[in-house]
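One letter stands for each residue in the lines below.
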Amino acid sequence: MTEARASATPRLPNTHSAGRLAAVDAARGVALIGMMMINLGTVRSDGWFNKVWTLPFGRASILFVVLAGVGMSLFQASRQHHSGRWPVLLWRALIFLLGGLALQVLTPAVSVILPTYGVLFLGALLWRRLSDRALAAVTLLMLLVGPVIVLADQIPGEHKTRMPTLGETPSTILHSLFLSGAYPLLVWVVPFLAGMWLGRQNLRDRTLQRRMVILGAAAAVVAFVTGQMSAMILGARADSGWGRLLTGAAHGQMPLWLVSSIGSATFIIGGALYFWPKISRWALPLAHVGQLAFTLYVIHFFVIAAMGGRIESRVVGVPVTIGLVLSFTAFATLWVRRWGVGPLERILRAAWLANIAKGRA
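In this text the structure is predicted, and so the values were computed from the model without any measurement.

Trainee: Looking at this structure, how should I read the overall build of the chain?
Mentor: A tally of helices and strands in the chain yields 15 helices and zero strands. Across the 361 residues that make up the chain, the buried fraction comes to 52%. Accessible surface, the chain as shown: approximately 17,200 Å² in total, 68% of it carbon and sulfur.

Trainee: Please clarify how helix α2 (residues 22-40) should be interpreted in this entry.
Mentor: An ideal rise of 1.5 Å per residue puts 27 Å on 19 residues; α2 measures up with 27 Å between its terminal C-alpha atoms. The buried count for α2 comes to 17 of 19 residues, which makes it a mostly enclosed element.

Trainee: Sorry if this is basic, but what is going on with the packing of helix α4 (residues 60-78) against helix α5 (residues 85-104) here?
Mentor: Running from N to C, α4 and α5 cross one another at 155 degrees; their axes reach a closest spacing of 10 Å. Viewed along their axes, α4 and α5 adopt a mutual orientation that is roughly antiparallel. Taken as a pair, α4 and α5 cross one another with a handedness that is right-handed. In this structure, α4 contributes Met72, Phe75 and Gln76 to the contact, and α5 contributes Arg85, Trp86, Val88, Leu89 and Arg92. Classifying every residue of the contact of α4 with α5 by side-chain character gives five nonpolar, one polar and two charged.

Trainee: Please explain the packing of aromatic side chains as it appears in this structure.
Mentor: One pair of aromatic rings is described through two measures. These are the centre distance and the angle between the planes. The full count for this structure, using the stated rule, is 16 aromatic pairs. Where tryptophan 48 meets phenylalanine 49, the ring centres are 5.9 Å apart and the plane angle is 85 degrees; that geometry is what we call edge-to-face. Judged by its relative accessible area of 66%, tryptophan 48 is exposed. The partly exposed category is assigned to phenylalanine 49, whose relative accessible area is 35%. On the basis of an interplanar angle of 85 degrees and a centroid distance of 5.1 Å, the ring pair of tyrosine 274 and phenylalanine 275 is categorised as edge-to-face. Assessed through its relative accessible area of 40%, phenylalanine 275 is described here as partly exposed. Each residue in the set Phe64, Phe96, Tyr117, Phe121, Trp127, Phe192, Phe294, Tyr297 and Phe301 is aromatic and connected to the rest through ring pairs, giving one cluster.

Trainee: Which parts of the structure should I look at to understand the confidence of the model for the chain?
Mentor: Here the chain shows a mean pLDDT of 88. Residues at 70 or above account for 88%. Averaged pLDDT values over the elements of the chain bottom out at 38 in helix α1 (residues 2-8) and peak at 97 in helix α9 (residues 185-200).

Trainee: Would you explain the nonpolar core in this entry?
Mentor: In a soluble, globular protein the nonpolar side chains are often hidden away together inside. Membership of the largest hydrophobic core comes to 93 residues, with the highest contact counts inside it found for Phe64, Ile113, Phe121, Trp127, Phe192 and Tyr297. Among the elements that take part in this core, α4 stands out by supplying twelve residues, more than any other. Discounting residues that sit within four places of it in the chain, tyrosine 297 has contacts with Leu32, Met35, Phe64, Ser111, Val112, Ile113 and Leu114.

Trainee: Help me understand helix α6 (residues 114-127), please; the structure alone is not making it clear to me.
Mentor: Because the α-helix completes a turn every 3.6 residues, residues three or four places apart line up on one side. Over its 14 residues, α6 runs 19 Å from end to end, which matches the ideal 20 Å to within 8%, given 1.5 Å per residue. Counting buried positions over the 14 residues of α6 gives eleven, a clear majority of the element. Of the surrounding elements, those touching the buried residues of α6 are α4, α5, α7 (132-154), α8 (170-180), α9 and α12 (293-307).

Trainee: Please clarify how the side chain of threonine 54 should be interpreted in this entry.
Mentor: Within the secondary structure, threonine 54 is located in the loop between α3 (47-53) and α4. Within the structure, the side chain of threonine 54 is placed 2.6 Å from the backbone oxygen of asparagine 50, a separation counted as a polar contact.

Trainee: Could you clarify how one ought to interpret a nonpolar patch on the surface in this entry?
Mentor: Together, Leu140, Leu141, Leu144, Val145 and Ile149 make up an exposed nonpolar region whose accessible area comes to about 430 Å². Within the fold, leucine 141 resides in helix α7. Look at leucine 141 and you get partly exposed, because its relative accessible area is 47%.

Trainee: Hey, could you run me through the environment of isoleucine 33 in this one?
Mentor: Considering the arrangement of structural elements, one finds isoleucine 33 in helix α2. A relative accessible area of 18% means that isoleucine 33 is categorised as buried. Considered as a pair, isoleucine 33 and valine 325 are 292 residues apart in the sequence and their alpha carbons are 6.8 Å apart.

The rules we used
- Residues numbered from 1 in each chain as written.
- Predicted model: local features only at pLDDT ≥ 70, side-chain atom pairs only at ≥ 80, totals over all residues.
- Heavy atoms only, no water.
- Helix = DSSP H or I, 4+ residues; strand = E, 2+ residues; numbered from the N terminus.
- Buried < 20%, exposed > 50% of the residue type's maximum accessible area, 1.4 Å probe, protein only.
- Areas by Shrake-Rupley, 256 points an atom, 1.4 Å probe, with all protein chains shown as cover.
- Expected span 1.5 Å × (residues − 1).
- Axes fitted to C-alpha atoms, helices over the stretch in contact; angles between N-to-C directions.
- Parallel < 35°, antiparallel > 145°, perpendicular 65-115°, else oblique.
- Left-handed = near helix turned anticlockwise from the far one by under 90°.
- Contact = heavy atoms within 4.5 Å.
- Nonpolar A, V, L, I, M, F, W, Y, C, P; charged D, E, K, R; others polar.
- Phe/Tyr/Trp six-rings, centres within 6.5 Å; stacked < 30°, edge-to-face > 60°.
- pLDDT = per-residue confidence, 0-100.
- Core = buried A, V, L, I, M, F, W, Y, C linked by side-chain atoms within 4.5 Å.
- Polar contact = N/O pair within 3.5 Å; in protein donor to acceptor, adjacent residues only side chain to side chain.
- Patch = residues over 30% accessible without salt bridge, like charges linked within 9 Å, V, L, I, M, F, W, Y side chains within 5 Å.
- Salt bridge = Lys/Arg side-chain N within 4 Å of Asp/Glu carboxyl O.

Dropping the structure here:
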């Protein structure tokens, strides 16, 4: 009976208890910078510069969510026997959900991903009980089923990708979060679960890191090329109807885009882990940005609101984005060296809540 229970428990390597991996933080910094590049300006595909500048479109946000899944598994592993773990997790989910809905009021032109984070964190209370194999199976199932359900909801009428705000009705918020928003949960649960599966592996293993780089790159390229070819073959049918399931447009919520974006996320995380011993000295500021990702993410939305929305001109937008990235990097480096945990990250940690829960246990 004891052995049966032990085999049903998800495998969480002891190596994770050693502390946060700086390379993972650096990958999170890359994701944040990529999202800033997209959110501060407009997405355009004319000319080589715009194509290069908008490479993070549809990839940076997926990387962000994959890393959220990785972080969730690391959090669960580091606090396996901590009675205050789940109250803290519920607290974080509430902050992300309500805070994100409130933040969306500031910037209607740019979608806030935080409410999706909040619901995914709540779901982790259930998914933590799955074995590695079961978690991988659910991830694959949702990769196939989630886009179909979302597309079925879109076909009868106009699809609106606007994220909900705090003042809307519960039914509107739920429908937007799960089906019709910019980050529909039935689709975005896939990168989160994939990240949770990755986070359960021994990320310090060099063989695993190499596999992440090679397989991640292969998945990203093959899925992207397949999506481009199918879009060319389908022609006008690729923009509407069930033919969209075979396309891979960024933020199209379809399987090929998910595979390509999760592949690129795996490539970046694996590359950061594998090359960290060689690049840690100059890449450490990226890790600092990643450690303050929540704080900087919220601040950059206030910057967008202060500017009145996205910047249309690349002549203005590119220098502003670069200047903001450099400012954020300097701020994060100084803050981490002086105080360690970021201001909003400190709220998320809710040490007082963990202590209360621990005292009651």
